[in-house]
Amino acid sequence: MNNLATLDQLPNLHEAKTAHRELSSEYWTPLTEGEYKVGVIADIKEESYTDDKSGETIKLPCVIILSQEKDRTFNTIRNGSKRLVATIESAIENGELVVGSTPVRISFLGKSRNKTNQYLSDRWSVKPILL
């Protein structure tokens, strides 16, 4: 809408319905085992984040999920867990998941200690939903 004349042609937007999808997104950080999201994978893309401790901005590959709520609205959420991103990437490469169309249930299974260092990593279950 580059032309202001077209604004006069708009219907009353206060009376119009809104879409079921929220365009703003939030970072999903599950806190308890068993938390889950259902929806479709929209994309895997790098997002910029600022490290709270160092102040450094980093690029983090994130899974972008159109998450359906129980009221059937959709929120856009993202998560940069390396294990989750790798699982989704592998499923896409193997044809087990189609971006934008395969519904999935992503469940948080808790944290486990890494074998190579002292840190904890998130564990996930990613299952296609059968309709």
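Residues numbered from 1 in each chain as written. Predicted model: local features only at pLDDT ≥ 70, side-chain atom pairs only at ≥ 80, totals over all residues. Heavy atoms only, no water.

Trainee: Lay out the side chain of Ser67 in plain terms, naming residues and giving numbers.
Mentor: Relative to the assigned elements, Ser67 resides in strand β3 (residues 57–68). What makes Ser67 buried here is its relative accessible area of 1%. (Helix = DSSP H or I, 4+ residues; strand = E, 2+ residues; numbered from the N terminus. Buried < 20%, exposed > 50% of the residue type's maximum accessible area, 1.4 Å probe, protein only.)

Trainee: Can you break down the pattern of salt bridges residue by residue, with the values?
Mentor: Taken as a whole and assessed by the stated rule, the structure comprises three salt bridges. Where Arg78 meets Glu47, a salt bridge forms, and the shortest distance between an N and an O atom there is 4.0 Å. One end of the pair, Arg78, is in strand β4 (residues 74–79); the other, Glu47, is in strand β2 (residues 36–50), with 31 residues separating them in the sequence. Classification of Arg78 as buried rests on a relative accessible area of 14%. When the shortest N-O distance is used, the salt bridge between Lys111 and Asp122 registers 2.6 Å. Here Lys111 is found in strand β5 (residues 103–113), whereas its partner Asp122 is found in strand β6 (residues 120–128), with eleven residues between them in sequence. (Salt bridge = Lys/Arg side-chain N within 4 Å of Asp/Glu carboxyl O.)

Trainee: An account of the pairing of β2 is requested, with residue identities and associated values reported.
Mentor: Here β2 runs beside β5; their pairing, made up of five bridges, is antiparallel. Looking across to β5, one finds that Lys37 is bridged to Ile106. As paired strands, β2 and β3 are joined by eleven bridges and run antiparallel to one another. Within β3, the position partnered with Ile44 by the bridge is Val63. The hairpin turn running from β2 into β3, its antiparallel successor, is six residues long, and Gly55 in that turn takes a positive phi close to 80°. (Pairing = 2+ DSSP bridges.)

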